[in-house]
Amino acid sequence: MEGEINHNTIAGADDDDTPALSAHALEALKEFLSEQNRSVAADNDGATAAEEKEVALVTEDWRLSQFWYDRETAETVAREVHALYTSMEDPPSVACIACPTLYVYLKKLHPDLPVQLLEYDKRFEQYGNEFTYYDYNEPLELPSSMKQSFSIIVADPPYLSQECLEKVSETVSFLKKPGESYLLLLTGAVQHDRAAQLLGLRPCGFRPQHSSKLGNEFRLFTNYDPGLRLGGWEQEES
């Protein structure tokens with residue numbers, strides 16, 4: 001509420017019986033209102049800054065077992081992917097299997113990064129030629145041009161079943177480029193042994209979290225030692 005206070009409105013100049021505020025009281029009221037306006041403006045600025053850090057995502061569809069990562073998880077994995085990307089001599093291509101949150105954060109933080117999103121939900125067709133329709137039930141139904149084309153692959157199978165991980169593993173084998181390549185798998189802790197058997201992965205110390213606060217414990221598995229990043233590889237019990 002900016003501008004001058006109308007003394008006639010407050011004091012009622014045309015009515016001598018209307019109580020009038022003293023000059024001191026008016027100054028105190030002006031100061032109070034000015035302070036309130038500054039507080040509201042600061043709150044709005046803070047909200048804007050927070051919104052800028054978030055990215056816009058479509059609403060989760062639980063029927064498709066969609067649960068988006070929280071911002072810390074998405075940014076942590078995005079930083080790791082970018083670190084891997086910059087460490088390779090030949091600029092690699094990145095594939096995100098069923099993890100649209102990561103794709104969106106990668107493109108926000110690193111717009112020029114070559115990333116392909118493989119996703120069942122066709123709402124993500126909005127990303128144009130970086131979207132490829134993917135149904136894990138048909139793990140090899142993908143364009144032939146994508147075969148052995150990706151040196152960095154991040155996968156988040158939609159279900160915590162053995163069948164789902166087995167089929168996603170087939171997709172990973174199809175996409176994986178020969179030679180140096182990196183695989184990150186985000187899935188439930190219950191998949192620990194299967195991740196090791198199917199893909200040769202080990203768990204990292206970093207614990208992925210979701211915006212919906214799921215009850216299942218999730219883990220991040222990799223086929224490489226991340227060193228000090230991602231909390232490092234966990235020591236396996238002997």
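Structure first, text after, so check above.
Throughout what follows, the structure given in this document is the object of discussion. Owing to the predicted nature of the structure, the values given are computational and were not obtained by experimental measurement.

1. With respect to the packing of helix H3 (residues 71–87) against helix H4 (residues 100–109)
Part 1: Between H3 and H4, the least distance of the axes is 9 Å, while the angle of their chain directions is 65°. Classified by chirality, the crossing of H4 by H3 is right-handed. Between H3, through Arg71, Ala74, Glu75, Val77, Ala78 and Val81, and H4, the contact on the second element is made entirely by Thr101, Leu102, Tyr105, Leu106 and Leu109.
Part 2: Counted by class, the contact of H3 with H4 contains eight nonpolar, one polar and two charged residues.

2. Quick notes on the sheet that holds strand S1 (residues 94–97)
Part 1: If you walk across this open sheet you meet the seven strands as S3-S2-S1-S4-S5-S7-S6, and the pairing is mixed. The open sheet terminates on both sides in strands that have one partner only, identified here as strand S3 (131–133) and strand S6 (202–203).
Part 2: In terms of strand pairing, strand S2 (residues 115–119) meets S3 through three bridges, oriented parallel. Within S3, the residue paired with Leu117 across the bridge is Phe131.
Part 3: The strands that helix H5 (residues 162–175) touches are S1, S2, strand S4 (152–155) and strand S5 (182–188); relative to S1, the one it contacts most, it runs at about 165°.
Part 4: Packed onto the sheet, helix H6 (residues 192–199) meets S5, S6 and strand S7 (218–222) and runs at close to 155° relative to S5.

3. Topic: the side chain of Lys107
Part 1: Summarising the element assignment, Lys107 is placed in helix H4.
Part 2: For Lys107, a relative accessible area of 19% gives the class buried.
Part 3: Look past the residues within four positions of Lys107 in its chain and what remains in contact with it is Leu113, Val115 and Glu130.

About the criteria used
- Residues numbered from 1 in each chain as written.
- Predicted model: local features only at pLDDT ≥ 70, side-chain atom pairs only at ≥ 80, totals over all residues.
- Heavy atoms only, no water.
- Axes fitted to C-alpha atoms, helices over the stretch in contact; angles between N-to-C directions.
- Helix = DSSP H or I, 4+ residues; strand = E, 2+ residues; numbered from the N terminus.
- Left-handed = near helix turned anticlockwise from the far one by under 90°.
- Contact = heavy atoms within 4.5 Å.
- Nonpolar A, V, L, I, M, F, W, Y, C, P; charged D, E, K, R; others polar.
- Pairing = 2+ DSSP bridges.
- Buried < 20%, exposed > 50% of the residue type's maximum accessible area, 1.4 Å probe, protein only.

Fair warning: the whole summary comes from geometry, so function is off the table for now.
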